[in-house]
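# Architecture at a glance
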Amino acid sequence: MNIARHNRAFTVTEMLFVLMLFSIAGVLAMRLFSTSMKVIRTAPASQDRMAAIDRATASLRQDVWSATKIDLPDSHTLVLSAPDQTQVRWQFDQNGVTRSLKDKEQHWPMSLPLLAERRGSEVVLKGPDDDELRFTCAMLAMNGAKP
Amino acid sequence: MKRQGGFILLLALTMLAFVGVAILTLGTTCAYDGRRTMDRSQHAQLDQLLLAGATEAADHLKNAATSAGDWWETELPPALAEQQASLVTTVDAISADQIVFHVRAQLQNHVSEQTLRFKHTDRDWKLQSAEVPL
């Protein structure tokens, strides 16, 4: 029997295939959306963190450069003696970096674990992934550094 | 003719806008990070130049008579000279037992400076302080 079909419908297979395509497209769109939102949300915080690191390191560079003596009581604390005998204390902990000079304190918040180390006339700050920031002490480099 | 709904188009355009903003933000962060890396390498080089300036100032004290206002430019290796680097030392102040130098190092558009104070002890000049501005 040959019946002409004017109102042709979709088969179950076609419907399932289209549903599968829609699902894949939906999942991809959701992932793209969530990743985009994450990037938009975290990028300013990341730039703020980098700016805080830059400000802290500029200040640390100045202190280390002119220091006449470098003491490292532990890997989270750095004590720098200035030519006028004042001592600047740098503390690196989970809450950020703190610089203390007499009763004045400066704090740069950053969730970046840093460890201080001394190598000759240099102070090395080690970050995660073995990133290193080196600070030269001119006074010790010129007058002969004692390890 | 049946009017087609624009919901999917609107959704796609919104998604594109979000992705566009995300790419732009990521690009800005990457550019900032790249610029920081370049700045760091240049500042490390400038620190080395300042150290060289301090060493040369100490040598100059041993070998030549110095008076306030004297200045000299240190000859740098060709690799640095090609990068428009310069190292200039100026005698800022001088007294019987103290001398102050100002050292200016430049590399491309970055400049770093330091002030050196030497004190006369017995028969020799000794570096008393080295300060860099913030």
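Residues numbered from 1 in each chain as written. Chains lettered and ligands numbered in written order. Predicted model: local features only at pLDDT ≥ 70, side-chain atom pairs only at ≥ 80, totals over all residues.

Right, let's talk about the overall build of chain A for a bit. Each helix and strand in chain A was counted, giving two helices and eight strands. Sequence-ordered secondary structure for chain A, helices as α and strands as β, is α-β-β-β-β-β-β-β-β-α. For chain A, the C-alpha radius of gyration of 30 Å lies well beyond 15 Å, the compact-globule estimate for 147 residues. Counting only C-alpha atoms and orienting by the principal axes, one finds that chain A spans roughly 110 × 30 × 20 Å. For chain A, with 147 residues in total, the buried portion stands at 20%. (Helix = DSSP H or I, 4+ residues; strand = E, 2+ residues; numbered from the N terminus. Rg over C-alpha atoms; globule rule 2.2 N^0.38 Å. Buried ≥ 20, exposed ≤ 12 C-beta atoms within 10 Å, placed from the backbone.)

Glancing now at the interface of chain B and chain A. Taken together, the 24 residues of chain B in the interface contact 22 residues of chain A. Across the side of chain B that touches chain A, the residue classes tally to 15 nonpolar, five polar and four charged. (Contact = placed C-beta atoms within 7 Å. Nonpolar A, V, L, I, M, F, W, Y, C, P; charged D, E, K, R; others polar.)

Put simply, chain B has an average pLDDT of 88, and 96% of its residues get 70 or more. Per-element mean pLDDT across chain B ranges from 88 in strand β5 (residues 124-131) of chain B up to 94 in strand β3 (residues 98-107) of chain B. (pLDDT = per-residue confidence, 0-100.)

Its identity as a non-glycine residue notwithstanding, A:D130 has a phi of 60°, on the positive side. For A:D130, a count of 6 C-beta atoms within 10 Å puts it in the exposed group. Not every positive phi belongs to a glycine, and B:Q84 is a case in point at roughly 55°. With respect to the element layout, B:Q84 can be found in the loop between α2 (78-81) and β2 (85-94).

Moving on to the nonpolar core. Ranked by size, the top nonpolar core spans 41 residues in total, and within it A:V64, A:C137, A:A138, B:L50, B:A54 and B:L116 carry the most contacts. The dominant element in this core, judged by the number of residues it contributes, is helix α1 (residues 7-63) of chain B, at six residues. (Core = buried A, V, L, I, M, F, W, Y, C linked by C-beta atoms within 7 Å.)

Residue and element names in this part refer to chain A. Ordered in space as β1-β2-β3-β4-β5, the five strands form an open sheet in which the pairing is antiparallel. Strand pairing shows two members of the sheet lacking a second neighbour, β1 (69-74) and β5 (104-109), which therefore form its edges. Strand after strand, the sheet turns through a mean of 15° between neighbouring axes, direction not considered. Across six bridges, the pairing between strand β4 (residues 96-101) and β5 is antiparallel. The residue of β5 that forms the bridge with T98 is H107. Across the sheet, helix α1 (residues 12-66) lies against β2 (77-81), β3 (87-93), β4 and β5, angled at about 140° from β5, the strand it touches most. (Pairing = 2+ DSSP bridges. Axes fitted to C-alpha atoms, helices over the stretch in contact; angles between N-to-C directions.)

It is the contact of α1(A) with α1(B), at a shortest axis distance of 9 Å, that shows an interaxial angle of 30°. Of the possible angle classes, the one that applies to α1(A) and α1(B) is roughly parallel. Helix-helix and strand crossings are classified by hand; for α1(A) and α1(B) the assignment is left-handed. Contacts between α1(A) and α1(B) involve A:A29, A:L32, A:F33, A:S36, A:V39, A:I40, A:A43, A:S46, A:Q47 and A:M50 from the first element and B:M15, B:F18, B:V19, B:V21, B:A22, B:T25, B:L26, B:T29, B:Y32, B:D33 and B:R36 from the second. Its residues placed into classes, the contact of α1(A) with α1(B) shows 14 nonpolar, five polar and two charged. (Parallel < 35°, antiparallel > 145°, perpendicular 65-115°, else oblique. Left-handed = near helix turned anticlockwise from the far one by under 90°.)

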